[in-house]
Amino acid sequence: MAVWARQVSRWRCLLNTSRAVEFTRRLRSRGCTAQACREFAPLVVLPPGKEAVLWRLQACRHVSVGSCSPPDSAKDGSFSSPESNLPSVQQEQAKAETLPDLNAKILDEDWDDIPPSSALEVISEEEAVQIIAEPLLPIQSSTLRDYVDHSETLEKLVHLGVDLSQVEKRQKAGQLLLTLDFEKDVKKILLFLKDVGVEDNQLGPFLTKNPYILAEDLEALETRVAYLKSKKFDKSEIAQMVSRAPYLLLFSVERLDNRLGFFKNELGLSVKKTKDLVIRLPRLLTGKLEPVKENLQVCQIELGFQRNEIQQIVYKTPKILTASRKRLRQTFDYLHNIMGIPHHMLTRFPQVFNSKLLRIRERHMFLAFLGRAQYDPAQPSYISLDQLVSLPDEVFCTEIAKASMQDFENFLKTL
């Protein structure tokens, strides 16, 4: 832009000089004297600065040497006609063409002093087309994708594997990420998570589920990890719990302590069994307690299990505490009332409650069709509930049902 401004200044100076010549020529054609030229020249081409005198002298000198000094006839006392004192048109044009060269030195000195162009200066359409402007930051957007190119934090989180389309669905999570500085706020949390034991390939999925941890105080996070260590959780167990329950470290020490105390007292478990329970299902510490309390009541009141039986079922299959109550009732009804499985057998194989009811019904009906539906361990050809629900179809057919896979598929078509 500075070179362009200097070029404009050069054109302006040349234009002013040409105007001075033209103006003087007009004065001479009207019979104006050399003295009048000297008086008017500064008014026409006088620029600001110290070069004013130079411009005035050069303007008079370049117009006509004879017009600025008395003619020879005046010295002798005789005067010639005004037309005889005027230079020819060819002489005027030749001298006017040499004006830029005489002022070149002065123009060169002024070019370096030209101030920078103004932002409000009018430019041509061709120059406007060549201007490359950075895209503006969206004032409002419903997706974080529009901000990735403008935010170093979002760009680096994407490289880590964070799914911004999932993050923006969480309340105020998108606004939070836009306010964070990667070097100042995010980097220290990433280093902390790696120190806790979260694998590099798990950082992206972890932050996708819990972006709020990036706004947590680092000292508070370290205090919560120290609390878990004080409860005899080793480093690998803490890493497993944090990875499987990303919101775990958002809970204060007091809340974590209350949750551990609730499961210990409500289920009557020992400290060791309570610890094993939350290691296998760490979301018990982060989820709501109301569903847990309701499922315990369903098991005791509606399903008829004793307290010690509930304790064994929960310890072996912690997911039963967070299972759907409707599904829990339907599965128990089919196992107990249709298949005839007693409470003590269900207590022995509680993993059957984690299986789909359709799978249980299809296999039981196929065994009943073959005459092999025997679930009493005291009877021959006994089939355990674990074998009933856990084996793949091929193994179930050949080893348990003693039939082919084709027979099982043909039977299912009759249902």
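Please read all numbers here as calculations on a predicted model, not as lab measurements. (Residues numbered from 1 in each chain as written. Predicted model: local features only at pLDDT ≥ 70, side-chain atom pairs only at ≥ 80, totals over all residues. Heavy atoms only, no water.)

Looking only at helices and strands, one finds 26 helices and zero strands in the protein chain. Carbon and sulfur atoms make up 53% of the accessible area of the protein chain, which amounts to about 25,200 Å² in all. (Helix = DSSP H or I, 4+ residues; strand = E, 2+ residues; numbered from the N terminus. Areas by Shrake-Rupley, 256 points an atom, 1.4 Å probe, with all protein chains shown as cover.)

The predicted coordinates should not be examined in detail at positions where pLDDT is low. Per-residue pLDDT for the protein chain has a mean of 78; in total, 68% of the residues score no lower than 70. For the stretch residues 32-104, pLDDT sits under 50, and the model shows 60 contacts to residues farther than four places along the chain or on other chains. (pLDDT = per-residue confidence, 0-100. Contact = heavy atoms within 4.5 Å.)

So, about the side chain of Asp-185. Among the structural elements, Asp-185 can be located in helix H13 (residues 182-196). Buried charge Asp-185 goes without a salt bridge, the closest partner of opposite sign being Lys-188 at 5.1 Å. Excluding residues that lie within four positions of it along the chain, Asp-185 makes contacts with Thr-179, Leu-180 and Leu-214. (Buried < 20%, exposed > 50% of the residue type's maximum accessible area, 1.4 Å probe, protein only. Lys, Arg positive; Asp, Glu negative; His and termini not counted. Salt bridge = Lys/Arg side-chain N within 4 Å of Asp/Glu carboxyl O.)

Bringing the nonpolar core into the picture now. Within the largest apolar cluster, 45 residues are counted, with the highest numbers of intra-cluster contacts made by Phe-263, Leu-321, Leu-346, Leu-388 and Phe-396. Three or more residues apiece are contributed to this core by two domains, here domain 2 (288-350) and domain 3 (355-414). For Phe-396, the residues in contact, after removing those within four places along its chain, are Arg-363, Phe-366, Leu-367, Gln-387, Leu-388, Leu-391, Ala-401 and Phe-408. Counting 42 residues, the second largest nonpolar core, distinct from the first, contains Phe-182, Leu-193, Tyr-227 and Val-242. (Core = buried A, V, L, I, M, F, W, Y, C linked by side-chain atoms within 4.5 Å. Domains from an automatic or database assignment.)

Under the defined criterion, the tally for this structure stands at six aromatic pairs. Ring centres of Phe-366 and Phe-411 lie 5.4 Å apart, and the angle between their planes is 50°; on these two criteria the pair is classed as tilted. One end of the pair, Phe-366, is in helix H23 (residues 357-370); the other, Phe-411, is in helix H26 (residues 405-413), with 45 residues separating them in the sequence. Lying over the aromatic face of Tyr-315, Lys-273 brings its terminal NZ or CZ to 5.2 Å of the ring centre. (Phe/Tyr/Trp six-rings, centres within 6.5 Å; stacked < 30°, edge-to-face > 60°. Lys NZ or Arg CZ within 6 Å of the ring centre and 35° of its normal.)

Summarising the element assignment, Thr-153 is placed in helix H10 (residues 152-160). For Thr-153, a relative accessible area of 3% corresponds to the buried category. Within the structure, Thr-153 has its side chain in polar contact with the backbone nitrogen of Phe-182 (distance 3.1 Å). When near neighbours in sequence (up to four residues on either side) are disregarded, Thr-153 contacts Leu-177, Leu-180, Asp-181, Phe-182 and Val-186. (Polar contact = N/O pair within 3.5 Å; in protein donor to acceptor, adjacent residues only side chain to side chain.)

A word on unusual backbone geometry. Of note, Lys-232 is a non-glycine position whose phi angle comes to about 75°, a positive value. Structurally, the position occupied by Lys-232 is in the loop between helix H15 (218-230) and helix H16 (235-244).

A separate point is H10. Because an α-helix completes one turn every 3.6 residues, residues spaced three or four positions apart along the sequence face the same direction. Buried within H10 are the following residues: Thr-153, Leu-154 and Leu-157. Along the axis of H10, the buried positions cluster into a sector of 95°, meaning they face one direction only. Structurally, H10 contributes buried residues whose contacts are with helix H11 (164-167), helix H12 (173-178), H13 and helix H14 (200-209). Looking one or two places after H10, you find Gly-161, whose phi comes out positive at around 105°. (Arc of directions from axis to C-beta.)

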